[in-house]
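So the chains spell out like this:
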Amino acid sequence: MNLKPIGDRVVIKKLEAEKKTQSGIVLPESAQEAPQYAKVISISEDIEKDEKKKGQISVDDKVIYSKYSGTEVKLDGVEYIIVKFQDILAVVK
Amino acid sequence: MNLKPIGDRVVIKKLEAEKKTQSGIVLPESAQEAPQYAKVISISEDIEKDEKKKGQISVDDKVIYSKYSGTEVKLDGVEYIIVKFQDILAVVK
Amino acid sequence: MNLKPIGDRVVIKKLEAEKKTQSGIVLPESAQEAPQYAKVISISEDIEKDEKKKGQISVDDKVIYSKYSGTEVKLDGVEYIIVKFQDILAVVK
Amino acid sequence: MNLKPIGDRVVIKKLEAEKKTQSGIVLPESAQEAPQYAKVISISEDIEKDEKKKGQISVDDKVIYSKYSGTEVKLDGVEYIIVKFQDILAVVK
Amino acid sequence: MNLKPIGDRVVIKKLEAEKKTQSGIVLPESAQEAPQYAKVISISEDIEKDEKKKGQISVDDKVIYSKYSGTEVKLDGVEYIIVKFQDILAVVK
Amino acid sequence: MNLKPIGDRVVIKKLEAEKKTQSGIVLPESAQEAPQYAKVISISEDIEKDEKKKGQISVDDKVIYSKYSGTEVKLDGVEYIIVKFQDILAVVK
Amino acid sequence: MNLKPIGDRVVIKKLEAEKKTQSGIVLPESAQEAPQYAKVISISEDIEKDEKKKGQISVDDKVIYSKYSGTEVKLDGVEYIIVKFQDILAVVK
């Protein structure tokens, strides 16, 4: 079983572990939006067909996204989050 | 009798049962939107004629949708939900 | 006397009776919008001239619409409701 | 003296009397908008030059409009209402 | 010294006096917007260059405008009001 | 050091003094927006490249702007305000 | 490790120190938005490909941005802020 996002959406999987490594990413709460660290699992057709968007994120990219957006879904015991493209703030390279 | 959705809408039928299988989908409430699991029953002409949208969902697809959208309608004793295309979050394959 | 809707509007007439038949439509209140069952009486020029919309509803169609939209008007003792096209959720066939 | 509406506006004159005739129009308050019955007095240039709109209402048409829109103006002792085109709900023919 | 409005704006000068003449304009408060009577003093370049708008109002026109919009400015002891084009409801001819 | 505004913005410098001259500008508070009197210091590239906007304001113009918009910045001891083009209401000539 | 912003975003790094120098920038709180002083670290592809935007900010530019926008992210012990292009108010040259 897998999830194919519809419209302008992306399926991501939260990366909890790295938040604990000392030299890794630490994400303090902010007044605006509490960012989160995750891995891209799948991308919608809309984004793949969008000249401007498709080059910006790929499956397996590590991304910062806005926690206050998206919907959590647990599939076969694994938790995924469905977010909109605009809720992906940056790619960590 | 059947329902043909108007505009950018889709008629879906909630799948309660699978929510109880252990390896299946479990959908925790989220601050943003409480997702739901359903089957696509019928799709509007607008979506069928929309190059970008028509390929993304088909009748009988199992989908995740946002519970806080849509209108429940019971037809000949069966309950359906009329939602907008953008409220379909992902297809489960 | 008759009503010709202006702009993106449709004149409908509520169908109370069928709501009571056992095998017919039952419309529970929903948190989003309380749907209603009605018959299409007249359609605006805008809709008749709109390639995407004109094919989707016709006079005499039985439709589900959103109760919280529209304006009730009684003409020669008959009550009609003027709604926008987007408030017609589905056609019952 | 007369009023020429600007932009997407129409000047109308309320028809109180007919609201009292038995076979005429009765307009109950509605949760959405309280409709009113009026006669079209003048139409803006924008509407006269708009292919979609100009054919839909004419001077002297009797129309249903939304009471909660528009501005009342008394000119030479006669009260007029300036409303936007979209606040004209239907023409009574 | 004079005022040249920027963007989609018009400079007007309130006409208090005529509000008192018996056969003139009387402007009751309305739930929507309290109209006012004024004379057009200057018009922005945007409006002069706009095919749809330029023909609709001219300097010295007497207009009805919405009181709850605009900014009052006193220049050399004379009070002017800067309003947007859409706040001019009608021209009195 | 100087400030180059980004996007649809303008840098202005408030003119306090003239507000005190008797024949000059007096700007009473208004329910809508409290206007202010200022001099244009610099204009963004977007505005300079915009056919409609560039001709309307120039560096050194004296302008009326809406006080409730913009951001105050003190640079080398001088206070500037960064406002959007639409917050410039009129040029005083 | 570095951050590549997605969509219409820019990654900046706050410049605390200069806020303390006497002849430098002092940024008082304002009713609208509390401005901040920062250095541009990276710019999204969308902005680099946008004819209007790309020329306006470059990596290493010192900029004024709106504090109440953006998301703070700490990467390898360094704190960055991800803001939208429109939240960059001006470049300090």
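Residues numbered from 1 in each chain as written. Chains lettered and ligands numbered in written order. Predicted model: local features only at pLDDT ≥ 70, side-chain atom pairs only at ≥ 80, totals over all residues. Heavy atoms only, no water.

(A) Structural context of the overall build of chain A. Of the regular secondary structure elements, chain A holds two helices and eight strands. Listing the helices and strands of chain A from first to last along the sequence gives β-β-β-β-α-α-β-β-β-β. Restricting the contact set of chain A to residue pairs at least 6 apart, pairs at least 24 apart contribute 68%. Accessible surface for chain A amounts to roughly 4,200 Å². Of this, 47% is attributable to carbon and sulfur atoms. (Helix = DSSP H or I, 4+ residues; strand = E, 2+ residues; numbered from the N terminus. Contact = heavy atoms within 4.5 Å. Areas by Shrake-Rupley, 256 points an atom, 1.4 Å probe, with all protein chains shown as cover.)

(B) Just the pairing of strand β6 (residues 71–75) of chain C, in detail. Judged by which residues are buried, β6(C) turns out to be one-sided: T71(C), V73(C) and L75(C) face inward and are buried, whereas E72(C) and K74(C), on the alternate face, are not. Where β6(C) folds back on strand β7 (residues 78–84) of chain C, the antiparallel hairpin that results is connected by two residues, among which D76(C) adopts a positive phi of roughly 50 degrees. (Buried < 20%, exposed > 50% of the residue type's maximum accessible area, 1.4 Å probe, protein only. Pairing = 2+ DSSP bridges.)

(C) Layout of the pattern of salt bridges. Summed over the entire model, instances satisfying the criterion amount to 40 salt bridges over all chains. Linking D46(F) and K52(G) is a salt bridge whose minimum nitrogen-to-oxygen distance equals 3.9 Å. On the criterion of chain membership, the pair formed by D46(F) in helix α1 (residues 45–48) and K52(G) in helix α2 (residues 51–54) is interchain, its members lying in two chains. Given a relative accessible area of 14%, D46(F) falls into the buried group. By relative accessible area, which is 52% here, K52(G) ends up exposed. (Salt bridge = Lys/Arg side-chain N within 4 Å of Asp/Glu carboxyl O.)

(D) Focus on unusual backbone geometry. Of note, D60(A) is a non-glycine position whose phi angle comes to about 85 degrees, a positive value. Under the relative-accessibility criterion, D60(A) is labelled exposed at 52%.

(E) Main features of the side chain of S42(C). All names here are of chain C. Structurally, S42 can be placed in strand β4 (residues 35–43). What makes S42 buried here is its relative accessible area of 12%. A distance of 2.9 Å separates a polar side-chain atom of S42 from the backbone oxygen of L3. Apart from residues lying up to four places away in sequence, S42 is in contact with L3, P5, V10, V11 and V59. (Polar contact = N/O pair within 3.5 Å; in protein donor to acceptor, adjacent residues only side chain to side chain.)

(F) The confidence of the model for chain A, seen in detail. Residues and elements named next belong to chain A. For chain A, per-residue confidence averages 83 on the pLDDT scale, and residues scoring 70 or more make up 78% of the total. Segment residues 17–22: pLDDT under 50, and seven contacts once partners within four positions in sequence are set aside and those in other chains are kept. Counted against residues more than four places away or in other chains, residues 28–33, with its pLDDT under 50, gives 16 contacts. (pLDDT = per-residue confidence, 0-100.)

(G) Representation of the pairing of strand β6 (residues 71–75) of chain F within the structure. Sheet analysis places β6(F) next to strand β7 (residues 78–84) of chain F, joined by five bridges and oriented antiparallel. Bridging across to β7(F), E72(F) finds its partner in I81(F).

(H) Seen up close, the side chain of R9(C). Within the fold, R9(C) resides in strand β2 (residues 9–14). Residue classification places R9(C) among the buried positions, given a relative accessible area of 7%. Other than its neighbours up to four places away in sequence, R9(C) contacts I43(C), S44(C), I47(C), I82(C), V83(C), K84(C), F85(C), Q86(D), I88(D) and L89(D).

(I) Representation of the environment of V10(B). Residues and elements named next belong to chain B. Mapped onto the fold, V10 is located in strand β2 (residues 9–14). Judged by relative accessible area, which is 0%, V10 ranks as buried. Sequence spacing of V10 and T71 is 61 residues, and the spatial spacing of their C-alpha atoms is 11 Å. When neighbours within four sequence positions are excluded, V10 is seen to be in contact with P5, V40, S42, I43, I47, I57, I81, I82, V83 and F85.

(J) Spotlight on the environment of Q56(C). Mapped onto the secondary structure, Q56(C) falls in the loop between α2 (51–54) and β5 (62–66). Expressed as a C-alpha distance, the spacing of Q56(C) and S69(C), which sit 13 residues apart in the sequence, is 19 Å. Apart from the residues lying within four places of it in its own chain, the contact partners of Q56(C) are P5(B), I6(B), G7(B), E45(B), D46(B), D61(C), F85(C) and V91(C). In this structure the side chain of Q56(C) is engaged in a polar contact, spanning 2.4 Å, whose partner is the side chain of D46(B).

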